[in-house]
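Reading the structure
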Amino acid sequence: MKKIFLFFICALIFICGCYNLSIGKKSNHISEKSKFFADDQYIYYTNCNGDLYKYALEDNSNQKILKDFYLSAFNEKYFVSYNENTIKAYNRNNEQLFEINNIKTQSMDILDNKLFYVNERDNNYIYVIDLDSKINKLFLKQATNNISVNNKYLFYENNANSIYKYSFIEKNNELFFEGTYCFYFNCDDKYVYLSDYQNNNCITKIDINTKNIEKYNIKSCDFYLYKKYIYYIPLIDENNYSEKTVFHIFRFNVYDKTDEMLF
């Protein structure tokens, strides 16, 4: 029951944020179907009208980039959207947009021109699509619900209560972390960041090499990592939730532990 409620609350974070905040300002607020990503200048997200926007950190302005584009993955070359069994990939260099149909997934991540995703049509195994050649093939015969990749490893949830890592170089799997409900995590090249159910869904940072753990006093199931920052939407306590609850994106500095609301 707790697991079901946790999923329910995480979904409501996005849904209620759109419902309560978007009246007259729909370009400012994230769709429940969208992830969000950041770089040195912008936060990229899909708004409640289903359009891809970028929010400028310098002057707090918003600009529409693409129509009907639910952002799901992002790197220097591609924006990737997923909605209604269709992947849309937008090449940021040549501004070309193409679609890959008949895909059913719940998690994806991108590394260079490789889009890794959980294939619900094949036992939730991990597949990879080469976005340049459009070749789609089985990558790892492991069932999972969530994945995250960096330059060396693919991390995946296993049976809800553990995270494994697969080495691109050594071609092997090993247990990385054991916990409870390990569904919400992201990685960069040094750390895995986990919404730790056993610690009230506070974000926990795990060193990939040493497995040393550092815990932060910020609660979220929806967050993104960029350099020294964790961008996140706060998770509410079930006792404090109401239909009028308002949500925002925050930015947490992992070095000086400062926290600020962005929008």
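These numbers come from a predicted model, not from an experiment. (Residues numbered from 1 in each chain as written. Predicted model: local features only at pLDDT ≥ 70, side-chain atom pairs only at ≥ 80, totals over all residues. Heavy atoms only, no water.)

1. Observations regarding the sheet that holds strand β18 (residues 191-196)
How we decide: Strands are treated as partners if at least two bridges between them are detected by DSSP. Numbering of helices and strands runs from the N terminus; a helix is a DSSP stretch of H or I covering at least four residues, while a strand is a stretch of E covering at least two. Interaxial angles span 0 to 180 degrees and are taken between N-to-C directions of axes, which are lines fitted to C-alpha atoms, for helices over the stretch in contact.
Here we have 4 strands laid out as an open sheet, ordered β17-β18-β19-β20, and antiparallel in their pairing. At either margin of the open sheet sits one strand with a lone partner, and together these are β17 (185-187) and β20 (213-219). Averaged over all pairs of adjacent strands, the angle between their axes in this sheet comes to 20 degrees, without regard to strand direction. With 6 bridges joining them, β18 and strand β19 (residues 202-207) adopt antiparallel strand pairing. Directly across from Asp196, in β19, lies its bridge partner Cys202.

2. Some points on the packing of aromatic side chains
The condition that has to hold: The pairing test for Phe, Tyr and Trp rings, Trp by its six-membered ring, is centres within 6.5 Å, and the orientation test on the planes gives stacked under 30 degrees, edge-to-face over 60, and tilted for anything in between. A ring is scored as having a charge over it whenever the NZ atom of a lysine or the CZ atom of an arginine sits within 6 Å of its centre and within 35 degrees of its normal.
For the structure shown, the criterion picks out 26 aromatic pairs. Through a chain of ring-to-ring contacts, three or more aromatic side chains come together here, namely Phe37, Tyr42, Tyr44, Phe74, Phe79, Tyr90 and Tyr224. A cation over an aromatic ring shows up here: Lys134 above the ring of Phe98, its NZ or CZ 4.2 Å from the ring centre. The residue whose ring lies beneath Lys165 is Tyr153, and the NZ or CZ to ring-centre distance is 4.3 Å.

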